[in-house]
Amino acid sequence: MKESKFMKKKILFMIINMNVGGTEKALLNMITQMNEDEFDITILMLEKSGGFLSSIPSSVHIEYLREYKKLKSVLNLPPRIVAAKRFKEGHIIKGFNLLFIHFLSKIIRSKTIFFKYVLKGIPNFESEYDIAVAYAGPMDFISYFVAHKIKSKRKIQWIHFDVTRIGFDKKFAVKVYKRFEKIFVVSDEGRKKLISLAPIVEDKTEVFLNVISHEVILEQSKKNKGFKDGFDGIRILTVGRLTSEKGQDLAIKALVKLINAGYNVKWYCLGEGSTRVEYERLVVEYNLEEHFILLGSDPNPYPYMNECDIYVQPSRHEGYCITLAEAKCFNKPIVTTNFTGAKEQINNDVTGLIVSIDEEEIFKAIKLLLEDRMLYVKLKENLFKENSGKTNKTSIKNYFVYTN
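What you see is a predicted model, and the numbers here were worked out from it, not measured in a lab.

S.K.: Outline the overall build of the protein, supporting the account with residue identities and numerical values.
M.R.: What the protein contains, in helices and strands, is 18 helices and 13 strands. Overall, the C-alpha framework of the protein stretches about 65 × 60 × 40 Å when taken along its three principal axes. The 404 residues of the protein split such that 51% are buried. Across the protein, every contact between residues at least 6 apart in sequence was considered, and the portion connecting residues at least 24 apart equals 69%. When the accessible surface of the protein is totalled, it reaches about 19,500 Å², and 51% of it is carbon and sulfur. If you average the places of the 62 positive and of the 49 negative side-chain charges in the protein, the two averages end up 7 Å apart.

Put into structure tokens, the structure is as follows:
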């Protein structure tokens, strides 16, 4: 027994890829705080891609699901398109089987049948672990794969998003989550929403706030120069993927109101994503080419956070917004929409301003900060007090102690 006490815990985290995003950043932050003398960590990815690949510590093992390249079209494209391709290639039976399994899974409302068919013939993952984590949750395929294809003593499901906003498959979750000993949700509000949809998982569900390192963030902020345009007005910053749920379109519309009101401001968006073309069109439509700047993706957003005047998080929904938590480290006035978990990160009118998910409300909050210097300074001072003395010594070990 004494000998086992000092054996490393073998832990596998399964994720889609290492794109520059909140879920991936949260994973990196956590594993960098896990002592390599205590934990033997593996990251299993569906595909080898992402701006954070080079940030993975050298002590971490990296694996890829080699079969995913063949599975990707079946999992992500409409079955009729995949079946049609198989028919053209002469794989008639495979095409009909795919359509049959798809329709059967729809009729009996069982996604597990479809995943079982897709993974037929693919062997279980070779290594055995103490803990296997479906980290990119709730991503159903990863949950199913960890539940059925990974050998481990304990299994954990991680939930990073507001399940009421992402098409959560309750029936699938209730069935598959039975195989997980713990379900971690990244905010208390997110946990309550999960339980409201699937009350049966309440007893195994806990809150695990995303880990950030104040020391590392502040150190990284000194490594590069942020803004390079020489602008002498008020810089507003938003960090996040360019997607509808992150709400950059609300930022564009709020900026129109600020410019029309005569304020000397520029709004910078750091991130890349699927809605970039749409946002570029909006910028041109509203004549904001000189005022709304799409900076693209940067794995180190901290110099920009350090140099901005106001940080705005205009998201429509989040699980736990890690960019908001990181922005707080720099004691800059913050405006955030009232997404899931926002009130757990910001004390309204004390450490930031929380507004409804609406461009008019975002505009009014920024306008208030621009005009009320006392409020602007108060928010900065209160964030400084909140951040002072934070040691950031999160004991990751405590969350896995039950595996002994």
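S.K.: Pulling in residues and values, what's your account of a positive patch on the surface?
M.R.: A contiguous patch of positive charge on the surface is contributed by Arg109, Lys116, Lys171, Lys175, Lys178 and Arg179. When you line up the elements, Lys171 lands in helix α8 (residues 170-176).

S.K.: Residues and numbers for the pairing of strand β12 (residues 334-337), please.
M.R.: Burial along β12 is two-sided: Ile334 and Thr336 and Val335 and Thr337, pointing in opposite directions, are all buried. Pairing between strand β11 (residues 310-313) and β12: three bridges, direction parallel. Bridge pairing in β12 links Val312 to Val335. As a crossover connection, the stretch from β11 through helix α14 (residues 322-328) into β12 is right-handed. In the sheet, β12 pairs with strand β13 (residues 353-355) via three bridges, with the strands oriented parallel. Bridged to Thr337 within β13 is Val355.

S.K.: Before we move on, could you go through the packing of helix α11 (residues 248-260) against helix α16 (residues 359-371) and cite the residues and values that matter?
M.R.: Any two packed helices are characterised by the angle at which their axes cross and by the distance between the axes. Between α11 and α16, the shortest axis-to-axis distance is 8 Å and the interhelical angle comes to 50°. It follows that α11 is oblique to α16 by the angle criterion. Like other packed secondary-structure pairs, α11 and α16 cross with a definite hand, here right-handed. Facing Leu250, Lys253, Ala254, Lys257 and Leu258 of α11, the residues of α16 in contact are Glu359, Glu360, Ile362, Phe363, Ile366, Lys367 and Leu370. In terms of residue class, the contact of α11 with α16 is made up of seven nonpolar, no polar and five charged.

S.K.: Residues and numbers for the sheet that holds strand β8 (residues 234-239), please.
M.R.: The strand order across the open sheet built from six strands is β10-β9-β8-β11-β12-β13, with neighbouring strands paired in parallel fashion. The sheet is open, and its two edges are formed by β10 (292-296) and β13, each paired on a single side. Across the sheet, the mean angle from the axis of one strand to that of its neighbour is 20°, orientation sign disregarded. Its contacts with the sheet put α11 on β8, β9 (265-270) and β10, and the angle it makes with β9 is roughly 170°.

Parameters and conventions
Residues numbered from 1 in each chain as written. Predicted model: local features only at pLDDT ≥ 70, side-chain atom pairs only at ≥ 80, totals over all residues. Heavy atoms only, no water. Helix = DSSP H or I, 4+ residues; strand = E, 2+ residues; numbered from the N terminus. Buried < 20%, exposed > 50% of the residue type's maximum accessible area, 1.4 Å probe, protein only. Contact = heavy atoms within 4.5 Å. Areas by Shrake-Rupley, 256 points an atom, 1.4 Å probe, with all protein chains shown as cover. Lys, Arg positive; Asp, Glu negative; His and termini not counted. Charge placed at Lys NZ, Arg CZ, Asp CG, Glu CD. Patch = residues over 30% accessible without salt bridge, like charges linked within 9 Å, V, L, I, M, F, W, Y side chains within 5 Å. Salt bridge = Lys/Arg side-chain N within 4 Å of Asp/Glu carboxyl O. Pairing = 2+ DSSP bridges. Right-handed = clockwise from strand over helix to strand, strands pointing away. Axes fitted to C-alpha atoms, helices over the stretch in contact; angles between N-to-C directions. Parallel < 35°, antiparallel > 145°, perpendicular 65-115°, else oblique. Left-handed = near helix turned anticlockwise from the far one by under 90°. Nonpolar A, V, L, I, M, F, W, Y, C, P; charged D, E, K, R; others polar.

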